[in-house]
Amino acid sequence: MSHLRESGLALAEWTLAALLGVLILAAALAWLQACLQLALLQRMPLQMAEEAGWLLQRLSRAAMLAGQGGVHPLASGDARLAAWPVGDGVGPGTPASDQLLLRRRLAADTLDCEGTRVTAGDELVERYFLRSDSSAPGLVLACDAGSCAADGCHGLGDAGAPLQSDIDSFQVLYGMAAEPGQVIRYVDATGWRAQSPPPHLASLRIGLLQHSREAAARVRRWPLPADWLGLTLTAMPGHAARSAWQLTLAVPHG
């Protein structure tokens, strides 16, 4: 009888120990999962900031060089490039995306954004736009490059090279050079094309709306600015983080 009582106590102790072990393991797993989610929530904005920073730096360099060599930076008035004008709301995205065309005359041989060498003295033309891509989910900002010489323009009109994925919208405003003492006035592509003759370009105002590549475990409401280049953005709940960027780029050769 004593032996049975001791066996029963041992079984009860073993069961209690196992139960406590399961509870401790469950608590440790819950803590680990919470830590992983917190790290993910902190990593997503950082990754988006790094990607947006690189892309805006790439566009800033293009804006700084646009118009070199005595050509209009937007190719305004050039009938050879009439098929690829600057345009607002002509591409995919929410809000609908714009198209930007930048041109400059080269002083030395240069590789364009698609990796093609363009000869010194020719005009390098780069078109930035949003499109879908089979190698990445969602939309990508792409660059389609070409060149113009005495015999015409070549290379433009294809799908271009993707620069950055996970972009939801690409927006552009054009700053018209102001008279002394006046502020720069920004217009969209439609307002720009309505100017005759084409005015000097003082600056570009670029907007990027993007989402994170990773997703949170729970649906969250990601805050966005109420006004973004004159457009209203609504905070759409989702698993992926969202962010909006706006940067004014100087065009010294405009």
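Residues numbered from 1 in each chain as written. Predicted model: local features only at pLDDT ≥ 70, side-chain atom pairs only at ≥ 80, totals over all residues. Heavy atoms only, no water.

Okay, the layout of surface pockets next. Computed from the structure, the largest pocket encloses a volume of approximately 240 Å³. Lining the largest pocket are 17 residues, with Ala-75, Ser-76, Gly-77, Pro-85 and Arg-193 sitting closest to its centre. Class assignment for the residues of the lining of the largest pocket results in 12 nonpolar, 3 polar and 2 charged. (1 Å grid on protein atoms, 1.4 Å probe; cavity = no way out; pocket = protein on both sides within 12 Å on 5 of 7 lines; lining within 4 Å. Points joined across faces, edges and corners; volume = space filled by probe spheres on them. Nonpolar A, V, L, I, M, F, W, Y, C, P; charged D, E, K, R; others polar.)

Here the focus is the pairing of strand S9 (residues 167-176). With 10 of its 10 residues buried, S9 lies for the most part within the structure. The sheet contact formed by S9 and strand S10 (residues 185-187) spans 3 bridges and is antiparallel. In the sheet register, Met-176 faces S10, and the bridge partner there is Arg-185. (Buried < 20%, exposed > 50% of the residue type's maximum accessible area, 1.4 Å probe, protein only. Helix = DSSP H or I, 4+ residues; strand = E, 2+ residues; numbered from the N terminus. Pairing = 2+ DSSP bridges.)

With that settled, the discussion passes to the sheet that holds S9. Judged by pairing direction, the sheet is antiparallel, and its 4 strands sit side by side in the order S10-S9-S11-S14 without closing on themselves. Both outer strands of the open sheet, S10 and strand S14 (242-250), are each paired with one neighbouring strand and no more. Direction aside, the axes of adjacent strands within the sheet are offset by 25 degrees on average. (Axes fitted to C-alpha atoms, helices over the stretch in contact; angles between N-to-C directions.)

Another point: the environment of Met-48. Within the secondary structure, Met-48 sits in helix H1 (residues 2-65). Distance from Met-48 to Gln-210, taken between C-alpha atoms, is 7.5 Å for residues 162 residues apart in sequence. Beyond its immediate chain neighbours, meaning those up to four positions away, Met-48 contacts Gln-210, His-211, Ser-212, Ala-241, Arg-242, Ser-243 and Trp-245. (Contact = heavy atoms within 4.5 Å.)

Burial of strand S11 (residues 201-211) is extensive: 9 of the 11 residues sit out of reach of the surface. The pairing of S9 with S11 spans 9 bridges and is antiparallel. Among the inter-strand pairings, Tyr-174 is bridged to a residue of S11, identified as Leu-204. Taken together, the 9 bridges between S11 and S14 define a ladder with antiparallel strand orientation. The residue of S14 that forms the bridge with Leu-209 is Ala-244.

One pass over the full model with this rule turns up 11 salt bridges. Arg-103 is paired through a salt bridge with Asp-78; the nearest N and O atoms lie 2.7 Å apart. Of this pair, Arg-103 sits in strand S2 (residues 97-105) while Asp-78 sits in the loop between H1 and strand S1 (87-91), and the two are 25 residues apart along the sequence. A relative accessible area of 7% places Arg-103 in the buried class. Between Arg-105 and Glu-123 there is a salt bridge, and its shortest N-O distance comes to 3.2 Å. A residue pair is termed long-range when its members are at least 10 positions apart, and Arg-105 in strand S2 and Glu-123 in strand S5 (residues 123-133) qualify at 18 residues. Overlapping salt bridges bring together Asp-78, Arg-80, Arg-103, Arg-105 and Glu-123 as one network. (Salt bridge = Lys/Arg side-chain N within 4 Å of Asp/Glu carboxyl O.)

Counted according to the given criterion, the structure contains 1 cavity of 30 Å³ or more. Considered as a void within the structure, the largest cavity measures approximately 40 Å³ in volume. Contributing to the lining of the largest cavity are Ala-62, Ala-66, Leu-102, Arg-103, Arg-104, Leu-124 and Glu-126. Where the lining of the largest cavity is concerned, the elements lending two or more residues are S2 and S5. Sort the elements by how many residues they give to the lining of the largest cavity and S2 lands first, with 3 residues.

What follows is about the nonpolar core. Within the largest apolar cluster, 38 residues are counted, with the highest numbers of intra-cluster contacts made by Leu-100, Tyr-128, Phe-170, Tyr-174, Leu-204 and Ile-206. Membership of the second largest hydrophobic core comes to 6 residues, among which are Leu-173, Leu-209, Trp-228 and Leu-233. (Core = buried A, V, L, I, M, F, W, Y, C linked by side-chain atoms within 4.5 Å.)

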